[in-house]
Amino acid sequence: MTTADDGAAVTRVAVAQVPLRVGEPESNRAAAEAAIAEAAEAGARLVVLPELVNSGYVFSGAEEAKSLAEPADGPTVTAWARLARAHDLVIVGGFCELADGVLRNSQVMVDATGTRAVYRKAHLWHDEQDVFTPGDAPAPVVDTEIGRVGMMVCYDLEFPEWVRSVGLAGADLLAVSTNWPASPVPAGERPVLVAYAQIAAAANRMFVAVADRCAAERGVDWVRGTSLIGPNGYPLAGPVLRDGPAVLVADCDLARARDKATGPRNDVHRDRRTDLYPWPTI
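Structural notes, computed from the coordinates. Keep in mind the model is a prediction, meaning the values are calculated, not measured.

Conventions adopted
Just so you know, the residues in each chain are numbered from 1, in the order the chain's sequence is written. Local features in a predicted model are, by the rule used here, given only for residues with pLDDT of at least 70; side-chain atom pairs are given and counted only at 80 or more, and totals for whole chains, interfaces and linings are based on all residues. Hydrogens and water molecules were not included; the side-chain quantities draw on all heavy atoms of the structure. What counts as an axis is a line fitted to C-alpha atoms, over the stretch in contact for a helix, and the angles between N-to-C directions run from 0 to 180 degrees. A run of H or I in DSSP becomes a helix once it reaches four residues, and a run of E becomes a strand once it reaches two; helices and strands are each numbered from the N terminus. With respect to orientation, any angle under 35 degrees is reported as roughly parallel, any angle over 145 as roughly antiparallel, any angle of 65 to 115 as roughly perpendicular, and every other angle as oblique. With the far helix as reference, a near helix turned anticlockwise by less than a right angle produces a left-handed crossing, and one turned clockwise produces a right-handed crossing. Contacts are residue-level and defined by heavy atoms, with any inter-residue pair within 4.5 Å sufficient. Only Asp, Glu, Lys and Arg are considered charged in this grouping, and only Ala, Val, Leu, Ile, Met, Phe, Trp, Tyr, Cys and Pro are considered nonpolar; every other residue, Gly among them, is considered polar. Only protein chains enter the accessibility calculation, which uses a 1.4 Å probe; a residue is then buried when its area is under 20% of its type maximum, exposed when over 50%, and partly exposed in between. Should DSSP find at least two bridges between two strands, the strands are regarded as paired. If the strands point away from the viewer and the path from the first strand over the helix to the second runs clockwise, then the crossover is right-handed. A cavity, in this analysis, means grid points on a 1 Å lattice covering only the protein atoms where a 1.4 Å probe fits yet has no way out; a pocket is instead an open set bounded by protein on both sides within 12 Å along at least five of seven lines, and a residue lines either one if it has an atom within 4 Å of a point. Grid points are joined across faces, edges and corners, and a volume is the space filled by probe spheres set on the points. Nonpolar core, defined: a set of buried Ala, Val, Leu, Ile, Met, Phe, Trp, Tyr and Cys residues in which side-chain atoms within 4.5 Å join the residues together.

**Things to note about the packing of helix α4 (residues 160-168) against helix α5 (residues 192-204)**
Packing of α4 against α5 brings their axes to within 10 Å, and their N-to-C directions diverge by 40 degrees. As far as their axial angle goes, α5 and α4 are oblique. For the crossing formed where α4 meets α5, the hand is right-handed. Where α4 abuts α5, its residues Val163, Arg164 and Gly167 lie against Ala200, Ala203 and Asn204. Within the contact of α4 with α5, the residues separate by chemical class into 3 nonpolar, 2 polar and 1 charged.

Here it is, written out as structure tokens:
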């Protein structure tokens, strides 16, 4: 943690865009570990990695995914925990998890003390529904040395009520691990998936850190929308929007996320009309 020119304590946050491929877990892990080392060298205290780092994404089916899955104490998470201890980091990243015989699209947080949380993606996109069992627990918000960090995976971000849940739980920053598949974007426009991240930040006055991936896989290309977004909804770094690995860093005064005011008379959480739309809504 460092101090900004105005005296505020700031945390350097990194988001890592890495190339991943199905069936190449060793090279996938190596790419992620290189990105973590680069982020640490740049002075980051929090590093966010993409979705399904160990396995890649475009599976032929559940059997292939199962052959690439590992437990939460397997080689991928163990390596991240080792790097977190070595560099005094908080690391959040996605992995293909096999837990009690069940396949999960999971995300883990580790720091110098070990594993802090494992989150299982609640909203499964497209063919993920043929592979994974959805999570059945709330998205966590974890108190860390650097601040309160929420966790979420890819498609989860498209559900405003899910994002609001971590905002109301006090997240200073939402760490999003994703593999955003590319789709056509009108000329002059930003990919709508990046816009989801910006709105999530602005609607809850919190930082959002998105780690997307690169390297086309089995005919699927990616948004490559890796970015860091401030609580006003505007990017502090990124989006990358180009193929190739990248590590983006930005200094974030995470305490800013605890002020939900948008002006002298308005507050994004206090102004909710819960008499008209009680929380949670189903």
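Okay, back to it.
**What to know about the pairing of strand β10 (residues 207-211)**
For β10, the buried fraction is high: 5 of the 5 residues fall into the buried class. Residues Phe207, Ala209 and Ala211 line one face of β10 and the alternating positions Val208 and Val210 line the opposite face, and both faces are buried. Pairing geometry for strand β9 (residues 173-177) and β10, over 5 bridges, is parallel. If you follow Ala175 over to β10, its bridge partner there is Ala209. A crossover connection joins β9 to the parallel β10 through α5; in handedness this β-α-β unit is right-handed. Taken together, the 3 bridges between β10 and strand β12 (residues 227-229) define a ladder with antiparallel strand orientation. Residue pairing in the sheet places Ala209 in a bridge with Leu228 of β12.

**Observations concerning the sheet that holds strand β13 (residues 235-237)**
Either a parallel or an antiparallel arrangement is found when strands of a sheet pair, and the pairing is made through backbone hydrogen bonds. Here we have 6 strands laid out as an open sheet, ordered β7-β8-β9-β10-β12-β13, and mixed in their pairing. Two strands bound the open sheet, and with one partner strand each, they are β7 (141-143) and β13. Strand-to-strand twist across the sheet, computed as the mean angle between neighbouring axes with direction ignored, equals 25 degrees. Contacts from α4 reach β7, β8 (148-153) and β9, with the element oriented near 165 degrees to β8.

**As for the pairing of strand β2 (residues 9-19)**
Most of β2 is tucked away: 8 of the 11 residues are buried. Across 7 bridges, the pairing between β2 and strand β14 (residues 246-252) is antiparallel. Residue Thr11 lies in a different strand from β14, and its bridge partner there is Cys252. Between β2 and its parallel partner strand β3 (residues 46-48), the chain crosses via helix α1 (residues 25-41), and the hand of that crossover is right-handed.

**Some points on the layout of surface pockets**
In this structure, the largest pocket occupies an estimated 350 Å³ of space. Lining the largest pocket are 22 residues, with Pro181, Ala182, Ser183, Leu193 and Val223 positioned closest to its centre. Partitioned by chemical class, the residues of the lining of the largest pocket number 16 nonpolar, 2 polar and 4 charged.

**Brief notes about α4**
Looking at α4, one finds that the buried residues are Trp162, Val163, Arg164, Val166 and Gly167. Residues of α4 that are buried sit in contact with β6 (114-120), β7, β8, β9 and α5. Gly170 sits one or two residues past α4 and shows a positive phi near 95 degrees.

**Concerning the environment of Gly61**
Tracing the backbone shows Gly61 in the loop between β3 and α2 (62-68). Overall, the relative accessible area of 22% leaves Gly61 in the partly exposed class.

**Side note on the nonpolar core**
Core analysis: the biggest nonpolar cluster contains 50 residues, and Leu46, Leu157, Leu173, Leu174, Trp180 and Val208 have the highest contact counts within it. Ignoring any residue separated from it by four or fewer positions in sequence, one finds Leu173 in contact with Val13, Leu46, Arg148, Val149, Gly150, Phe207, Ala209 and Leu254.

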